[in-house]
Each structure stands twice: as C-alpha cells, then as structure tokens.
Amino acid sequence: MYGVKKVLGINGGYRGFYARNTITLTPKSVNDIHKRGGTVLGTSRGGHDTKKIVDSIQDRGINQVYIIGGDGTQKGASAIFEEVRKRGLKVSVVGIPKTIDNDIPVIDKSFGFDTAVEEAQRAINAAHVEAESVENGIGVVKLMGRNSGFIAMYATLASRDVDCCLIPESPFYLEGPGGLYEYIEKRLKENGHMVIVIAEGAGQELVSESVQSMSKQDASGNKLFQDVGLWISQKIRDHFAAQKTLPITLKYIDPTYMIRAIPSNASDNVYCTLLAQSAVHGAMAGYTGYTSGLVNGRQTYIPFYRITERQNHVVITDRMWARLLSSTNQPSFLDAKGDNEEKEEEEALNQLPDGHCAKDTSLASKEINSSIYPTAC
Ligand SMILES: Nc1ncnc2c1ncn2[C@@H]1O[C@H](COP(=O)(O)OP(=O)(O)O)[C@@H](O)[C@H]1O
Ligand SMILES: O=P(O)(O)OC[C@H]1O[C@](O)(COP(=O)(O)O)[C@@H](O)[C@@H]1O
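What you see is a predicted model, and the numbers here were worked out from it, not measured in a lab.

(A) Seen up close, the site of ligand 1. Taken together, the neighbourhood of ligand 1 is formed by Tyr14, Arg45, Gly46, His48, Gly70, Asp71, Gly72, Thr73, Lys75, Gly76, Ser220 and Asn222. Protein chains shield 76% of the accessible area of ligand 1, which is 550 Å² for the free molecule.

Listed below in structure tokens is the structure:
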C-alpha cells in the first residue's frame, strides 16, 4: 500500500537493537505467525539503553520504529521517542500495546488479554471438576496479573464457577468475621465445594508478613513476588486441619505460562490486525510518539505520556467489580479494612499538632492535552 521495500525485525527486545543482528521480515515470513504462541522476534527484560538504541536506529537508517509490549515497553518507547526528538531525527516511534495483564491505561484492552482470559477458563474448569468430585473440595487457581487483577476478574466473570476472586486491588484478610476462612466454611456448608481464583499479585502484604520476604526484582525492575497461590493453599489447609471440624480436600492449579504462551484467539487476532494497520497509517501520515489503541471501540493514537503516567488497575468501586461480587457472593473484605483505615486516620489526627487538618482537601486539576506529535520533518 505504501510501497515499503524493507522491514527489519529486532531480535530479543530492546537490547536486540545494539546487541544482535536484525532479521528481514517479509509478507511470506510473517504470514503464519498469528497461529503460533510467543514471539518470533524473541523478548527480554531489562537491557534498555536509550542512547545505544537511538544510535542503532540512526546507524541502520531506520525511519519508523514499531514497539510491541506492555507498560514497561511503552515507557521504553517513550524514552526512545524523547531521544529521537532531542536529536532532531526524522523517525516515527510508535507503540503497540501487548500484555496479557491489561495494565496499560486509557485503552479498552491490550492485545493478548482476551486470549489469556479464555485459556484461564480451562484451569478454572479443572479446579471446579476436582473440587466437585470430593467432599468439601476446594479448588484454588492462581492466574497471572502482577499489579492488576483483570485476568482473574474477567476469568471469574466468564466462568461463573468461581466462589471467590482475590486481586491485588482488593486487600483481603483470612481470620475473623468477614474474613476468607469464615466465607470458605459457609460456602462449603452450603454447597459442598468451592473454587477460589487468586491473581499472582494479590495479598502480597499478607505473604510477606508470614514468609520471610526478599525484595528481589527482575531485570526490568519489576518486583518479584512470593507464590501467593502456594501460600494461600497451605494457609487454608492448616486452618481447617487445626479446626478439625471440617475436613477439606484442596487442589491447587497454577497454569502459569500456559495462559500467555498459547496462540492468540480469533478476537485477539482481529484486534492485533487493527492495531497494526492503525499504527502504520499514523506513522505514514507523519505522526510519532503515540501508542495505537482502541478507546471506546474506536482506533485512536494516544500520546505516550498518557500511556506512561499510570498503570491500569481494577477499580473496586466500579460496576465491574460490583458485578463480580454479585456473581461470586464473596465478602467485599471492606469492613475490616474500613475499620482499620478509620483507626489509622484517627491515630494520625491525634498525632497532629493543634490547628492542623489531617485531610488534604485541595483538588489537583490536571491539564489534559490529547495532542500527538508530528514527526520532526
Ligand atoms: N521506565 C522505563 N524506561 C525505559 N525502559 C523501560 C522502562 N520500564 C521498562 N523498560 C524496558 O521495557 C522492557 C519491557 O519491560 P517489562 O516491565 O519487562 O515488560 P512489559 O513491557 O510487559 O511491562 C524492558 O526491556 C525494560 O528494560
Ligand atoms: O516470568 P516472566 O517471563 O518474567 O513473566 C511473568 C510475568 O509476565 C506477566 O504475565 C505479564 O506478561 P506480559 O506483559 O508479557 O503479557 C506478569 O503477570 C507476570 O508476572
């Protein structure tokens, strides 16, 4: 359509710009890649050296860069865009949002999310079958979602076999009235079995309290979490073993990379095509510094700074979480948290010197500038 003669693929993520050879991509070589999982280009964490990357873009005579990945990747793309701008290069830098976690803000969803939710159904279904097959059976499924619980929330809503969904955005507690143990007991007495879905980033503060926490990070600087699935399974087993009144059988399923590694489903394939075509049309029209994405069902170009300023999280006061609560009937875990917060607030107030108010009532207004940048040409 645009008469492009050469398309290069960068191998192995950002460090591939300066540490590896490129591969030539042709319509023939990419024809079938949507039928495979993973990435034909390879991926990596860390290794983002902005200056070296832009040197490599300059040396190779690249004039359009399309960068595919999650929120970290979009931050990296934004840094490249700034450096390109600083050097006054005629290069478009465009982001394409791919992450199963769906933690990129502004857009309706990221590419890969739908597929992950669909595959998660298989794990939930297995947990349900196992739990249903024994007396007082509990199936626990851990799903990916480092800081955002979208996969767990949507997989729960889609399945309708889940009795409790735990996500990073909604703190929970185990003991006492309104706690998880009480709910499990009630659910088992009512129904004879139950399924719990837990996102990998949920309850990390509880895990750190009981397991010695090492604050390790991956090469990209993302915090590495303790295995909350194993932890909660053991806690539930220990609790009911100590109680002796309700003998349970718990099966733990962790599909880990299976929900990320499978080929994308039909809806993600169509979405990816739209994202890619839209990304190219934008760059060919002379724009740069944007992420291509669906917003309210429309293809848009979103300036990098709107994408990188925050992460997308499940809002637990929103309707979607309310729908989930009404589907699972789980406790909201808000009561004890509310009590604690009130107590903390009261304590903070008591510690303030006379005449000082603990609550900051000022409202920050933010200028919303939705412009994207024309390429330096
Ligand atoms: N703030 C940042 N500035 C520049 N590069 C970043 C930044 N955050 C992450 N990156 C780079 O983006 C790449 C992917 O980030 P990562 O967090 O691992 O995955 P994801 O894109 O799925 O969030 C890594 O190479 C990482 O070094
Ligand atoms: O072990 P790895 O490769 O670092 O991946 C694990 C992480 O990847 C994620 O699934 C996100 O994956 P993507 O952003 O690549 O889709 C996180 O939820 C998870 O913590």
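Having seen the model, we can carry on.
(B) Summary view of the site of ligand 2. Taken together, Arg45, Lys98, Thr99, Ile100, Asp101, Met144, Gly145, Arg146, Glu200, Tyr257 and Arg260 are the residues near ligand 2. Residue lysine 98 places a side-chain N or O atom 2.8 Å away from an oxygen atom belonging to ligand 2. Within the contact set of ligand 2, an oxygen atom lies 3.5 Å away from a backbone nitrogen or oxygen of arginine 146. A per-class count over the shell around ligand 2 returns 3 nonpolar, 2 polar and 6 charged.

(C) Looking closely at the packing of aromatic side chains. Inspection of every chain in the model, using the stated rule, returns 6 aromatic pairs. Ring centres 6.5 Å apart and planes at 40° place the aromatic pair tyrosine 287 and tyrosine 301 in the tilted group. Note that tyrosine 287 is positioned in strand β9 (residues 287-288) and tyrosine 301 in strand β11 (residues 298-303), a separation of 14 residues in sequence. Relative accessible area serves as the criterion here: at 28%, tyrosine 301 is assigned to the partly exposed category. In this structure an aromatic cluster arises from ring pairing among Phe172, Tyr173 and Phe333.

(D) Representation of the domain arrangement of the chain. Its domain assignment divides the chain into domain 1 (7-110 + 264-308) and domain 2 (113-262 + 315-328). Relative to domain 2, the C-alpha centre of domain 1 lies at a distance of 33 Å. Both faces considered, domain 1 and domain 2 share a buried interface measuring about 1400 Å² in area, 46% of it formed by carbon and sulfur atoms. The interface formed by domain 1 and domain 2 contains 2 salt bridges. A salt bridge links lysine 109 to aspartate 114, with the shortest nitrogen-to-oxygen separation between them at 2.7 Å. In this structure, the connection of domain 1 to domain 2 is made through 7 residue pairs in polar contact (both at pLDDT 80 or more). Looking at the side of domain 1 that touches domain 2 residue by residue, the class counts come to 1 nonpolar, 9 polar and 6 charged.

(E) Representation of the pattern of salt bridges within the structure. By the definition in use, this model includes 17 salt bridges. For arginine 85, the salt bridge is made with glutamate 82, and the minimal N-O distance between the two is 3.6 Å. Of the two residues, arginine 85 and glutamate 82 both sit in helix α4 (residues 71-87), 3 residues apart, roughly one turn of that helix. Look at glutamate 82 and you get partly exposed, because its relative accessible area is 37%. As a salt-bridge pair, lysine 186 and glutamate 190 come within 3.4 Å of each other at their nearest N and O atoms.

(F) Quick look at the packing of helix α3 (residues 50-60) against α4. At a minimum axis distance of 9 Å, the contact between α3 and α4 shows a crossing angle of 60°. Compared by their axis directions, α3 and α4 come out oblique. Helix-helix and strand crossings are classified by hand; for α3 and α4 the assignment is right-handed. Of the residues in α4, those in contact with Thr50, Lys51, Ile53, Val54, Asp55, Ile57 and Gln58 of α3 are Ala79, Ile80, Glu83, Val84, Lys86 and Arg87. In terms of residue class, the contact of α3 with α4 is built from 6 nonpolar, 2 polar and 5 charged.

(G) Main features of unusual backbone geometry. Phi is positive for asparagine 136, which is not a glycine, with a value near 50°. Assignment of secondary structure puts asparagine 136 in the loop between α5 (113-132) and β5 (137-143). Here the phi dihedral of asparagine 296 falls at roughly 50°; this positive angle occurs in a residue that is not glycine. Mapped onto the fold, asparagine 296 is located in the loop between β10 (290-295) and β11.

Cut-offs used in this document
- Residues numbered from 1 in each chain as written.
- Chains lettered and ligands numbered in written order.
- Predicted model: local features only at pLDDT ≥ 70, side-chain atom pairs only at ≥ 80, totals over all residues.
- Heavy atoms only, no water.
- Near = heavy atom within 4 Å.
- Areas by Shrake-Rupley, 256 points an atom, 1.4 Å probe, with all protein chains shown as cover.
- Polar contact = N/O pair within 3.5 Å; in protein donor to acceptor, adjacent residues only side chain to side chain.
- Nonpolar A, V, L, I, M, F, W, Y, C, P; charged D, E, K, R; others polar.
- Phe/Tyr/Trp six-rings, centres within 6.5 Å; stacked < 30°, edge-to-face > 60°.
- Helix = DSSP H or I, 4+ residues; strand = E, 2+ residues; numbered from the N terminus.
- Buried < 20%, exposed > 50% of the residue type's maximum accessible area, 1.4 Å probe, protein only.
- Domains from an automatic or database assignment.
- Buried area = accessible area lost by both parts, 1.4 Å probe.
- Salt bridge = Lys/Arg side-chain N within 4 Å of Asp/Glu carboxyl O.
- Axes fitted to C-alpha atoms, helices over the stretch in contact; angles between N-to-C directions.
- Parallel < 35°, antiparallel > 145°, perpendicular 65-115°, else oblique.
- Left-handed = near helix turned anticlockwise from the far one by under 90°.
- Contact = heavy atoms within 4.5 Å.

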